[in-house]
2 protein chains.
Amino acid sequence: MKRNLLLVARAAITAAAISSLLSGAAAAQPAGDSLPSWNDGAAKKALVEFVQATTTQGSPKFVPPAERVATFDQDGTLWVEHPMYTQIVYCLERVPAVVKAKPELAKVEPFKTVLSGDREAMARLSMDDLLKIVAATLTGMSVDEFQVEAKKWLDSAKDPRWKRPYTELTYLPMIEVLKYLRANGYRTYIVTGGGQDFVRAYAEEVYGIPPEEVVGTAGGTKYGYERDGKPFLTKEPKLLLNDNYAGKPEGIHLMIGRRPIAAFGNSTGDQQMLEYTKAGGGDRLAMLVLHDDAEREYAYGPARGLPNTKVGTFTVALDGEAKKQGWVVISMKNDWKRIFAFEPASGQ
Amino acid sequence: MKRNLLLVARAAITAAAISSLLSGAAAAQPAGDSLPSWNDGAAKKALVEFVQATTTQGSPKFVPPAERVATFDQDGTLWVEHPMYTQIVYCLERVPAVVKAKPELAKVEPFKTVLSGDREAMARLSMDDLLKIVAATLTGMSVDEFQVEAKKWLDSAKDPRWKRPYTELTYLPMIEVLKYLRANGYRTYIVTGGGQDFVRAYAEEVYGIPPEEVVGTAGGTKYGYERDGKPFLTKEPKLLLNDNYAGKPEGIHLMIGRRPIAAFGNSTGDQQMLEYTKAGGGDRLAMLVLHDDAEREYAYGPARGLPNTKVGTFTVALDGEAKKQGWVVISMKNDWKRIFAFEPASGQ
């Protein structure tokens, strides 16, 4: 039901955008009410000017609707990624179920450590260990079974700091950007280092982004038949696309086949997507979310003297590149009036 | 210009479909004029009934617009594939340019045979030979260079039988199906064993299908920088998706993430796509084009006593499967009043 409402809303927005185009209306949608959670400042100004320039018929920077593609990193750009990517939490919390099905894993690392519940030991797991856990929890089941499991978890799991479902930890100002762009004829793709199938399990409900507009790290599947002859796809532990760093423009070419007009990220893993976007002709927008608000969310860089981090690193070099290339840095602290929809609207 | 007109037409069709939905109009678009190149018969009837059932609000088989995905094989389903896939012709005709850039290839097989122009010898090239030619002509250049080359060739190359550009050898009745489905809120994807980038070079102009709705056999790309720092993607000889047989449902899951509601093919390479489509709940349509018209196009099977072929095989087993599973076989000879747009409209 909720999902159907979203679809209707989406159709209505698209219809409005298209009929405004067809009626020859020259002006873009007014931004006045579209970005209420943004403070006035350089970031909001850049966004609004870009949308107006690319959607106003007759503007030298006008972009035809079919080419209006905007790409968004997810973790740290659309929702919280600290202290750990949500999908990694999912994988860790799936370990008991995997071990129940394969009891021999209980005595094998890294599963043994995960089962111990010792968070400090878990934090020391190597990348190799994590990959073993990822393979065991994200592959070997059918695509449909995985969707059911992921959705079930998302419905019940809660972030320990906010005591809320992870799907509520989306950034309200970015949700406004998604809607604002869509209202202006843009298609908004997620281009995430996270698992494509995992993100597809909630992207439509949470972001209004349908499965076909989610590009992510993707593994192969294998076609087979059940006993009654019904075909199904099994998720295989074979990596097809590592959708991070250079993998982002590669994934964009593979899955979309168009260069984005606008791209949004927050870390070094997004640099190549932003470069690729800006290297196209005409007006292009590239923005980076800087996590500089320890109080309302998290603060990490190490750019601008913020604490260093392994999750969602925003380096000094990335900050320098942003300055050099004209990418707009969004300060969560200064540019966002409100971060989460569940926060009371303050300071307005 | 032509392209922009197409885009506007597409937007208008979508807008019409959406506003009819929003206005609560219950009836699907009338099919009377939508399929003028089809003779009345079981195939046309199945098509029209399916579209009406899935798009009429209140129908027990109603499919919400977001889920209306139809997938089409290309070679032999949307355009001519005999005597040789058009993309293979492209690869063979690109060999002189490749050898010019790398003269040492002139003395090496299979390039030597291709350069000889001996068509009989070329017809005997093995699959391994063809793969070498494919790798040499479709990879090693940037994605943008490839688009330019492919478009240039498509503008000048002509099919030897009809003396017309390959892009005119599309089946008018199938173009009508694409438009009819889109007018009824379906998105029409190409799911081809052909190269994804090759088909994207003309799919928008020829079929009204944008790059993001073309799923095909896809190789990896590699992100790199020109001397001036401008990034670009190079086409690599690394296969990511072999979009044939079981690769079709795998590709559909990878690139679209939804099970189609309708699927169209013409050969054994499409069987799994049709199975996967029909295995979903609710009303699903699966259709197969049978090439049984030697006079107006080609005749090949070997089903139903038609001549055997290596290109686009429609086996007796596939015909049996169609009967068993309720897939509709389209007879080019009996179901299509007219095959090509350039033919005079006869028998009307």
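As a reminder, the structure under discussion sits directly above these lines.
Analysis parameters
Numbers given to residues run from 1 along each chain, matching the order in which its sequence is written. Both sets of labels track the order of writing: A upward for chains, 1 upward for ligands. The predicted nature of this model means local features are confined to residues of pLDDT at least 70 and side-chain atom pairs, given and counted, to a pLDDT of 80 or more, with totals for whole chains, interfaces and linings taken over all residues. Neither water nor hydrogens contribute to the side-chain values; these are computed over all heavy atoms in the structure. The secondary structure listing takes helices from DSSP runs of H or I that are at least 4 residues long and strands from runs of E that are at least 2 residues long, numbered from the N terminus. When accessible area is computed with a 1.4 Å probe and restricted to protein chains, residues below 20% of their type maximum are described as buried, those above 50% as exposed, and intermediate ones as partly exposed. The contact criterion used throughout is that any non-hydrogen atoms of two residues lie within 4.5 Å. For the accessible areas, the method is Shrake-Rupley and the probe is 1.4 Å, while residue cover comes only from the protein chains on display. Here the copies are superposed with least squares, the fitted atoms being C-alpha atoms of residues at a pLDDT of at least 70 in both. Salt bridge criterion: a side-chain nitrogen from Lys or Arg within 4 Å of a carboxyl oxygen from Asp or Glu. Pairing of N or O atoms within 3.5 Å defines a polar contact, subject to two protein rules: one partner must be a possible hydrogen donor and the other a possible acceptor, and residues neighboring in sequence count only if both atoms are side-chain atoms. Throughout this entry, Asp, Glu, Lys and Arg are counted as charged residues, while Ala, Val, Leu, Ile, Met, Phe, Trp, Tyr, Cys and Pro are counted as nonpolar. The remaining residues, Gly among them, count as polar. To estimate the expected span of a helix, subtract one from its residue number and multiply by 1.5 Å. For two strands to count as paired, DSSP must find a minimum of two bridges between them. With axes taken as lines fitted to C-alpha atoms, and helix axes fitted only over the stretch in contact, angles between N-to-C directions fall between 0 and 180 degrees. Aromatic pairs are defined between Phe, Tyr and Trp rings, using the six-membered ring for Trp, whenever the two ring centres lie within 6.5 Å; interplanar angles under 30 degrees are classed as stacked, those over 60 as edge-to-face, and all others as tilted. For a lysine, the NZ atom is tested; for an arginine, the CZ atom; a charge sits over a ring if that atom is within 6 Å of the ring centre and within 35 degrees of the ring normal.

Asker: Would you mind going over the overall build of chain A in detail, with residue names and values included?
Answerer: A tally of regular secondary structure across chain A gives 14 helices and nine strands. A burial count over chain A gives 58% of its 348 residues as buried. Residue pairs in contact within chain A that sit at least 24 positions apart in sequence constitute 65% of those at least 6 positions apart. For chain A, the exposed area adds up to about 15,000 Å²; of that, 54% sits on carbon and sulfur atoms.

Asker: Lay out the relation of the copies chain B and chain A in plain terms, naming residues and giving numbers.
Answerer: Under the fitted operation, chain B is carried onto chain A by 0.0 Å of movement along the axis and a turn of 180 degrees, and the coordinates agree to an RMSD of 0.0 Å. Read as a symmetry element, the transformation amounts to a two-fold axis. The overlap is high: 100% of the interface residues of chain B also sit at the interface in chain A, so the same surface is used on both sides.

Asker: Any chance you could break down the interface of chain B and chain A for me, citing the residues and the numbers?
Answerer: Each partner contributes residues to the interface: chain B has 44 residues there, and chain A has 45 residues. The interface formed by chain B and chain A holds eight salt bridges in total. A salt bridge links Arg-259 of chain B to Asp-144 of chain A; the shortest N-O distance between them is 3.7 Å. Linking chain B with chain A are 22 residue pairs in polar contact (both at pLDDT 80 or more), by the criterion used here. Of all the secondary structure elements, the ones that give two or more residues to the side of chain B that touches chain A are helix H1 (2-22), helix H7 (143-156), strand S4 (187-195), helix H9 (196-200), strand S5 (214-225), strand S6 (231-241), helix H11 (247-255) and helix H12 (271-278) of chain B. Counting residues per element, the side of chain B that touches chain A draws most heavily on H1 of chain B, at eight residues. Its residues assigned to classes, the side of chain B that touches chain A shows 24 nonpolar, six polar and 14 charged.

Asker: Could you give me a rundown of helix H3 (residues 86-101) of chain A, with the residues and numbers involved?
Answerer: All names here are of chain A. Helix length check: H3, at 16 residues, gives a terminal C-alpha distance of 23 Å against a target of 22 Å (1.5 Å per residue), a fit within 8%. Residues of H3 that are buried: Thr-86, Gln-87, Ile-88, Val-89, Tyr-90, Cys-91, Leu-92, Arg-94, Val-95, Val-98 and Val-99. Summarising the contacts, the buried residues of H3 are in contact with helix H4 (111-116), helix H5 (119-123), helix H6 (127-138), helix H7 (143-156), strand S4 (187-195) and helix H9 (196-200).

Asker: How would you summarise helix H8 (residues 172-183) of chain A if you had to cite specific residues and measurements?
Answerer: All names here are of chain A. For H8, which comprises twelve residues, the first-to-last C-alpha distance of 16 Å matches the rise-based estimate of 16 Å (1.5 Å per residue) to within 8%. Extensive coverage of H8 is indicated by the burial of eleven of its twelve residues. Of all the positions in H8, only Leu-172, Pro-173, Met-174, Ile-175, Glu-176, Val-177, Leu-178, Tyr-180, Leu-181, Arg-182 and Ala-183 are classed as buried. Phi turns positive one or two residues past the end of H8, at Gly-185, with a value near 85 degrees.

Asker: An account of the pattern of salt bridges is needed here, citing residue identities and associated values.
Answerer: Enumeration according to the criterion identifies 30 salt bridges over all chains in this entry. A salt bridge links Asp-73 of chain A to Lys-248 of chain A, with the nearest nitrogen and oxygen atoms 2.9 Å apart. Residue Asp-73 of chain A is found in the loop between strand S1 (69-72) and H3, and its partner Lys-248 of chain A is found in helix H11 (residues 247-255); the two are separated by 175 residues along the sequence. By the burial criterion, Asp-73 of chain A is buried, and Lys-248 of chain A matches it. Several salt bridges share partner residues, and in doing so they unite Arg-187 and Arg-258 of chain A together with Glu-204 and Glu-212 of chain B into one network.

Asker: Describe unusual backbone geometry, with residues and values.
Answerer: Along the chain, His-82 of chain A connects to Pro-83 of chain A via a cis peptide bond; the corresponding omega equals 0 degrees. Structurally, the position occupied by Pro-83 of chain A is in the loop between S1 and H3. One non-glycine residue, Lys-163 of chain A, lies in positive phi territory at about 55 degrees. Looking at where Lys-163 of chain A falls in the secondary structure, it is placed in the loop between strand S2 (158-159) and strand S3 (164-165). On the basis of relative accessibility, which here comes to 60%, the residue Lys-163 of chain A falls in the exposed class. Even without being glycine, Tyr-245 of chain B reaches a positive phi, approximately 50 degrees. Under the relative-accessibility criterion, Tyr-245 of chain B is labelled partly exposed at 44%.

Asker: Explain the side chain of Thr-313 of chain B residue by residue, including any values.
Answerer: Residue and element names in this part refer to chain B. Inspection of the secondary structure puts Thr-313 in the loop between strand S8 (285-290) and helix H13 (316-325). One polar contact links the side chain of Thr-313 to the main-chain carbonyl oxygen of Thr-309, over a distance of 3.0 Å. Excluding anything up to four places from it in sequence, Thr-313 contacts Asn-266, Ser-267, Thr-268, Gly-301, Pro-302 and Asn-308.

Asker: Describe in detail the sheet that holds S4 of chain A, supporting the description with residues and values.
Answerer: If you walk across this open sheet you meet the seven strands as S6-S5-S4-S1-S7-S8-S9 (chain A), and the pairing is mixed. This sheet does not close on itself; its edge strands, each paired only once, are strand S6 (231-241) and strand S9 (328-331) of chain A. Along the sheet, successive strands turn relative to each other by an average axial angle of 35 degrees, direction set aside. Two strands pair when backbone bridges link them, and strand S5 (residues 214-225) of chain A and S6 of chain A are joined in this way by seven bridges, in the antiparallel orientation. Across the sheet, residue Ala-218 of chain A finds its bridge partner in S6 of chain A, namely Leu-241 of chain A. Packing of H8 of chain A onto the sheet brings it into contact with S1, S4, strand S7 (262-265) and strand S8 (285-290) of chain A, and relative to S1 of chain A it is tilted by some 165 degrees. Each of S5 and S6 of chain A is contacted by H11 of chain B, which is oriented at about 155 degrees to S5 of chain A, the strand it contacts most.

Asker: Break down the packing of aromatic side chains for me, citing the residues and quoting the values.
Answerer: Summed over the entire model, instances satisfying the criterion amount to 30 aromatic pairs over all chains. Relative to Phe-198 of chain A, the ring of Tyr-90 of chain A lies with its centre 5.3 Å away and its plane at 45 degrees, an arrangement referred to as tilted. Here Phe-198 of chain A lies in helix H9 and Tyr-90 of chain A lies in helix H3, a separation of 108 residues in the sequence. Neither residue differs from the other here; Tyr-90 of chain A and Phe-198 of chain A are each classed as buried. The interplanar angle of 80 degrees and the centroid separation of 5.7 Å between the aromatic rings of Phe-198 of chain A and Tyr-202 of chain A together place this pair among those described as edge-to-face. Here Phe-198 of chain A and Tyr-202 of chain A have matching classes, each one buried. Pairwise contacts between aromatic rings join Trp-38, Trp-162, Tyr-171, Tyr-298, Trp-336, Phe-340 and Phe-342 of chain A into one cluster. Residue placement shows Arg-161 of chain A over the ring face of Tyr-298 of chain A; its charged tip is 4.7 Å from the ring centre. The side chain of Arg-259 of chain B reaches across the aromatic face of Tyr-276 of chain B, ending 4.4 Å from its centre.

Limitation: the analysis is restricted to geometry and does not speak to function.
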